[in-house]
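Descriptive structure summary
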Amino acid sequence: MVTTDNLKQTPEKATFDLITYLKERQKLCEVALEQAISVRYPEKIYEAMRYSLLAGGKRLRPIICLATCEMTGGNIAIAMPTACALEMIHTMSLIHDDLPAMDNDDYRRGKLTNHKVYGEDIAILAGDGLLAYAFEYVAENTKDVPAERLLRVVAHLGRAVGAAGLVGGQVLDLESEGKSDISSETLDFIHHHKTGALLEASVVCGGILAGTSQDNLKRLSRYAKNIGLAFQIIDDILDITATQQQLGKTVGKDQKAKKVTYPSLWGIEKSQKQAQQLIESACAELEPFGKAAEPLVALAHFITSRSH
């Protein structure tokens, strides 16, 4: 839930009411996600899928997808199935990331992780079920969009979540644990793929659905890559500075796993400056969109000011 407690004021020149915007969009996404998956036979797998999908969270990826689609001339209706699919894919990654074979975490979004409630076997299958259903949901529920655009969205989602994206970044992240000689270039690669690929898909897919130009899609991609890296830098900082109550998950995991992070390479102060520079570069990419870009500009600043 977005509250004034976890959202600092964006720059003074901004007049856009981000808190209200996020709350309203969150509600829209929650309703759509609730309706997207119902419990049927065999009940346990659908209950497990819904347990994690409906466990709350900021819903940044679907909100960013909706915002980009609107900014580039589309509307919420054509983007909502893709927005829901992005959250299904993101939830799958969280379920699997929390497993004992991966990050081995007991809490997510302030609740017991999926495998702690349903067991490792069902948690793996719940993640698999969400991933497969995400593509089915996009294909069956997207209306009033040319088939060619829809095909590009499906391909982009597949690339973002596969070995060329999230999975590849996760593999390199696991291989890097406990190593002290990881370079900033390797760290950038990990997070451009593990975290950034799905954020980039959230932005670019919104533009594809609206039918925006290739030049605009390149701008959107650069915006997304910058905010994705900034998001990860702030995540690394929060793992050191925030409490478990604030994050809703175990803190200090990176240090315990001896992971190389941005703060471990640069220190907290330089990491914060790097994140801010990335956000400024991201927002510069949106200047041609004028006032229509206000939500995405405000969201970029939110990433560096969040407390969880």
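Bear in mind the structure is a predicted one, so any value in this text is a computation, not a measurement.

When helices and strands are counted, the chain shows 16 helices and two strands. Within the chain, the fraction of its 308 residues that count as buried is 54%. Within the chain, counting contacts between residues at least 6 apart in sequence, those at least 24 apart form 73% of the total. When the accessible surface of the chain is totalled, it reaches about 13800 Å², and 52% of it is carbon and sulfur.

With that settled, consider a nonpolar patch on the surface. The grouping of Tyr107, Leu112 and Val117 at the surface amounts to a nonpolar patch, some 240 Å² of accessible area in total. Checked against the element boundaries, Val117 lands in helix α5 (residues 114–118).

The subject of this paragraph is the packing of aromatic side chains. In total, this model carries four aromatic pairs according to the counting rule given. Here the aromatic rings of Tyr51 and Tyr118 are separated by 5.7 Å at their centres, their planes lie at 75°, and the arrangement is edge-to-face. You can see Tyr51 sitting in helix α2 (residues 43–53) and its partner Tyr118 sitting in helix α5, a full 67 residues away along the chain. Ring centres of Tyr133 and Tyr137 lie 5.7 Å apart, and the angle between their planes is 55°; this geometry places the pair in the tilted category. Separated by four residues within a single helix, Tyr133 and Tyr137 lie in helix α6 (residues 120–141), roughly one turn from each other. The two residues Tyr133 and Tyr137 agree in class, both being buried. One cation-aromatic arrangement involves Arg61 over Phe231; the distance from NZ or CZ to the ring centre is 5.6 Å.

Here the focus is unusual backbone geometry. Each neighbour pair has its own omega, and for Tyr41 with Pro42 the value is -10°, a cis peptide bond. Along the chain, the position of Pro42 falls in the loop between α1 (18–36) and α2. Backbone geometry places Arg59, a non-glycine residue, at a positive phi of 60°. With respect to the helices, strands and loops of the structure, Arg59 is situated in the loop between α2 and α3 (60–71). Arg59 sits in the buried class, given a relative accessible area of 1%.

With that settled, consider the packing of α1 against α3. Where α1 meets α3, the axes come as close as 10 Å, and the angle between the chain directions of the two elements is 105°. One element, α1, and the other, α3, form an angle in the roughly perpendicular class. Where α1 approaches α3, its residues Tyr21, Leu22, Arg25, Gln26 and Cys29 are matched on the opposing element by Pro62, Ile63, Leu66, Ala67 and Glu70. When grouped by side-chain class, the residues that make up the contact of α1 with α3 number seven nonpolar, one polar and two charged.

What follows is about the environment of Ala160. Mapped onto the fold, Ala160 is located in helix α7 (residues 147–161). Given the relative accessible area of 5%, Ala160 is considered buried. Sequence-wise, Ala160 and Ser202 are 42 residues apart; in three dimensions their C-alpha atoms are separated by 9.6 Å.

Turning to the side chain of Ser176, a few remarks are in order. One can find Ser176 in helix α8 (residues 166–176). Relative accessible area serves as the criterion here: at 8%, Ser176 is assigned to the buried category. Beyond its immediate chain neighbours, meaning those up to four positions away, Ser176 contacts Ile182, Thr186 and Ile190.

This part is about the packing of helix α11 (residues 214–241) against helix α16 (residues 294–305). Helix packing geometry: the angle between the two helix axes and the distance between the axes. Interhelical geometry of α11 versus α16 gives an angle of 25° and a closest axis separation of 8 Å. It follows that α11 is roughly parallel to α16 by the angle criterion. When the axes of α11 and α16 are compared, the crossing they make is left-handed. Residues Tyr223, Ile227, Ala230, Phe231 and Ile234 of α11 form the contact with α16, whose participating residues are Leu296, Ala300, Ile303 and Thr304.

Right, let's get into α8. Considered for burial, the residues of α8 that qualify are Leu166, Gly168, Gly169, Gln170, Asp173 and Ser176. One or two steps after α8, the chain reaches Gly178, where phi turns positive at roughly 80°.

Moving on, we come to the pattern of salt bridges. Should the charged atoms of two oppositely charged side chains come close, the side chains can pair. Within this structure, the stated rule accounts for 13 salt bridges. With its nearest N and O atoms 3.8 Å apart, the salt bridge here joins Arg152 to Glu148. Of this pair, Arg152 and Glu148 both sit in helix α7, four residues apart, which is roughly one turn of that helix. On the basis of relative accessible area, Arg152 is assigned to the partly exposed category, the value being 31%. Residue Lys273 is joined to Glu269 by a salt bridge in which the shortest nitrogen-to-oxygen separation is 3.7 Å. Here Lys273 pairs with Glu269, and both are found in helix α15 (residues 268–284), just four residues apart, close to one helical turn. Taken together, the salt bridges that share partners define one network made up of Glu30, Arg59, Glu87 and Arg109.

Quick notes on the rules
- Residues numbered from 1 in each chain as written.
- Predicted model: local features only at pLDDT ≥ 70, side-chain atom pairs only at ≥ 80, totals over all residues.
- Heavy atoms only, no water.
- Helix = DSSP H or I, 4+ residues; strand = E, 2+ residues; numbered from the N terminus.
- Buried < 20%, exposed > 50% of the residue type's maximum accessible area, 1.4 Å probe, protein only.
- Contact = heavy atoms within 4.5 Å.
- Areas by Shrake-Rupley, 256 points an atom, 1.4 Å probe, with all protein chains shown as cover.
- Patch = residues over 30% accessible without salt bridge, like charges linked within 9 Å, V, L, I, M, F, W, Y side chains within 5 Å.
- Salt bridge = Lys/Arg side-chain N within 4 Å of Asp/Glu carboxyl O.
- Phe/Tyr/Trp six-rings, centres within 6.5 Å; stacked < 30°, edge-to-face > 60°.
- Lys NZ or Arg CZ within 6 Å of the ring centre and 35° of its normal.
- Axes fitted to C-alpha atoms, helices over the stretch in contact; angles between N-to-C directions.
- Parallel < 35°, antiparallel > 145°, perpendicular 65-115°, else oblique.
- Nonpolar A, V, L, I, M, F, W, Y, C, P; charged D, E, K, R; others polar.
- Left-handed = near helix turned anticlockwise from the far one by under 90°.

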